[in-house]
Amino acid sequence: MSRTSLAERPGPARPVFPIRALMDITERPDNVFVRGRGSWLTDHEGKTYLDFVQGWAVNCLGHCPDVVIDALSAQARELITPSPAYYNEPALRLAELLTSHSTFQRIFFCNSGAEANEGAIKLARKWGRSRKDGAYEIVTFDGAFHGRTIATMSASGKPGWDTMFAPQVPGFPKAVLNDLGSVERLITDKTVAVMLEPVQGESGVVLASSDFLRALRALTRERQCLMIVDEVQTGMGRTGTLFAYEHFTRGPEDVPDIMTLGKGIGAGVPLAALCATERVAVFERGEQGGTYSGNPLMTAVGCAVMTEMLKPGFLPHVVAAGNHLSRRLIELVSEFGLSHERGLGLLRALDLGSDIAASLVTYARDRLESHPGWEHRGLLLNAPRPNLLRFMPALTVTPAEIDLMIDGLRLALGAVK
Ligand SMILES: *Cc1c(COP(=O)(O)O)cnc(C)c1O
């Protein structure tokens, strides 16, 4: 479909949305999405879609949850932005919630995962300057994704990213995930930290093993390096625990020094956090900040989101839904002779064994309508690699919605394979 075809579509009269004014930064379908509720999105033609992308693992409570609407509207009537140089109540409350339910004592709020990771990089470098003789290198991993600023792109291990906006920010040697020797070989007296995602999300749901993470923690301790976990995707209940580091820690000796949060913490609004232990939180006044840092409008949402997640039954539901999704995907693996499924909680992937992921995404979105039960409906899926689908539904997704997704995916597989 051509980029202007939207205005020329047959059907009921619709407002015309000019799309040329936006920078063309990614391939996008022609649909314009106008409304969302729970696991469903509606486009400009009134067609509804079962959404297993959820803003890239962002909408942990689904689209437009009441608790977010209520928190936003109540807070908007009270106070939107006093200044990051003044205290406000929601920021204080959210920092208290995060520190009392994690291993960290100090929080800095910001607006995106990349910004939180930039903060983590700065904090580690500051720590190296003041506590480790000027050490500044941070070992990161092949396949890692830490964001789209220049420094976080340099920390990322996506193929091609090293040259895209060269020169990179120096000081991010790359190791191989689950290969302790590859980390050990890169650690020198210039090394200040090792930074990684407990589950690599963008590279296709690649899990760091618990043994590797514990060994990495032991190694970093022994070499006086910090351990930074980027939990922008894995944090806030996504893997079935509040934070993914909880899966590998067995005691205080295993906990990381720094954690970054984004995506789910705002359930759809721009909010992120840099969390550090007291020992490591060495920023001095003037070294870190941001106009919208900890603004009450967003942190009020963060409080509402966390309050939901702390209700008994919320995380057990994520675990049960993740197991259900896993079982149902495994059925498709044997039915269609696919490679395998993997994941943790509600961050899962289906390895298709061949490069049909893009065709499946298109079919599920645009062509399910001819099948009974899918009239005027579609299914939104994500293909981070040519042979791979990634599933990141709302954490509140129901078993019936998972079954419906499986039904749509089965139809798509039948048509495409
Ligand atoms: C999405 C993501 C980021 C970047 O977050 P933005 O909010 O897009 O800046 C960083 N790290 C991980 C692991 C992510 O999944």
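Source: prediction; values computed, not measured.

Caption draft 1: Quick peek at the layout of surface pockets. Here the second largest pocket is characterised by a volume of approximately 1100 Å³. When contributions to the lining of the second largest pocket are tallied by element, the ones reaching two or more residues are α4 (89–100), β4 (106–110) and β12 (272–276).

Caption draft 2: Seen up close, the site of the ligand. All residues in the neighbourhood of the ligand are listed as S112, G113, A114, N117, F145, H146, G147, E197, D230, V232, Q233 and K263. Separating an oxygen atom of the ligand from a side-chain N or O atom of Q233 is a distance of 2.7 Å. K263 places a side-chain nitrogen or oxygen 2.6 Å from an oxygen atom of the ligand. Protein chains bury 82% of the 380 Å² of accessible surface belonging to the ligand in isolation.

Caption draft 3: Local environment of the confidence of the model for the chain. Of all residues in the chain, 96% attain a pLDDT of 70 or more, and the chain-wide mean is 95. Taken as a whole, residues 1–13 scores under 50 in pLDDT and shows 19 contacts with residues more than four places along the chain or in a different chain.

Caption draft 4: Geometry of the domain arrangement of the chain. Each assigned domain of the chain is listed with its residue range as follows: domain 1 (33–57 + 313–416) and domain 2 (66–309). In this structure, domain 1 and domain 2 have C-alpha centres spaced 28 Å apart. Across the contact, 22 residues belong to domain 1 and 24 residues belong to domain 2. Between domain 1 and domain 2 the total buried area reaches about 1900 Å² when both faces are included, carbon and sulfur atoms providing 60% of it. Together, L315, L344 and L347 form the three largest contributors to the area buried by domain 1 at its contact with domain 2, with a combined 31%. Our count for the contact surface shared by domain 1 and domain 2 stands at two salt bridges. Measuring nitrogen to oxygen at the nearest pair gives 2.7 Å for the salt bridge that ties D66 to R37. Across the contact surface, domain 1 and domain 2 share nine residue pairs in polar contact (both at pLDDT 80 or more). Those elements giving two or more residues to the side of domain 1 that touches domain 2 turn out to be α2 (54–57), α11 (314–336), β13 (340–344), β14 (347–351), β16 (382–385) and β17 (388–391). It is α11 that provides the largest number of residues to the side of domain 1 that touches domain 2, a total of four residues. Across the side of domain 1 that touches domain 2, the residue classes break down as 15 nonpolar, two polar and five charged.

Caption draft 5: Broad picture of the pairing of strand β1 (residues 33–37). Judged from the four bridges that link them, β1 and strand β2 (residues 40–43) form a sheet pairing that is antiparallel. Looking at β2, one finds that F33 is bridged to D43. Where β1 folds back on β2, the antiparallel hairpin that results is connected by two residues, among which G38 adopts a positive phi of roughly 55°.

Caption draft 6: Local environment of the side chain of S39. Structurally, the position occupied by S39 is in the loop between β1 and β2. A residue is classified by how much of its surface remains accessible, and S39, at 4% relative accessible area, is buried. At 3.0 Å, the side chain of S39 and the side chain of E401 are in polar contact.

Caption draft 7: Representation of the packing of α4 against helix α10 (residues 296–309). Axis separation between α4 and α10 bottoms out at 8 Å; the angle between their running directions is 35°. In this structure, α4 meets α10 at a crossing whose hand is left-handed. In this structure, α4 contributes P90, A91, R93, L94, L97 and L98 to the contact, and α10 contributes P296, T299, A300, G302, C303, M306 and T307. In the contact of α4 with α10, the residues fall into nine nonpolar, three polar and one charged.

What counts as what
- Residues numbered from 1 in each chain as written.
- Predicted model: local features only at pLDDT ≥ 70, side-chain atom pairs only at ≥ 80, totals over all residues.
- Heavy atoms only, no water.
- 1 Å grid on protein atoms, 1.4 Å probe; cavity = no way out; pocket = protein on both sides within 12 Å on 5 of 7 lines; lining within 4 Å.
- Points joined across faces, edges and corners; volume = space filled by probe spheres on them.
- Helix = DSSP H or I, 4+ residues; strand = E, 2+ residues; numbered from the N terminus.
- Near = heavy atom within 4 Å.
- Polar contact = N/O pair within 3.5 Å; in protein donor to acceptor, adjacent residues only side chain to side chain.
- Areas by Shrake-Rupley, 256 points an atom, 1.4 Å probe, with all protein chains shown as cover.
- pLDDT = per-residue confidence, 0-100.
- Contact = heavy atoms within 4.5 Å.
- Domains from an automatic or database assignment.
- Buried area = accessible area lost by both parts, 1.4 Å probe.
- Salt bridge = Lys/Arg side-chain N within 4 Å of Asp/Glu carboxyl O.
- Nonpolar A, V, L, I, M, F, W, Y, C, P; charged D, E, K, R; others polar.
- Pairing = 2+ DSSP bridges.
- Buried < 20%, exposed > 50% of the residue type's maximum accessible area, 1.4 Å probe, protein only.
- Axes fitted to C-alpha atoms, helices over the stretch in contact; angles between N-to-C directions.
- Left-handed = near helix turned anticlockwise from the far one by under 90°.

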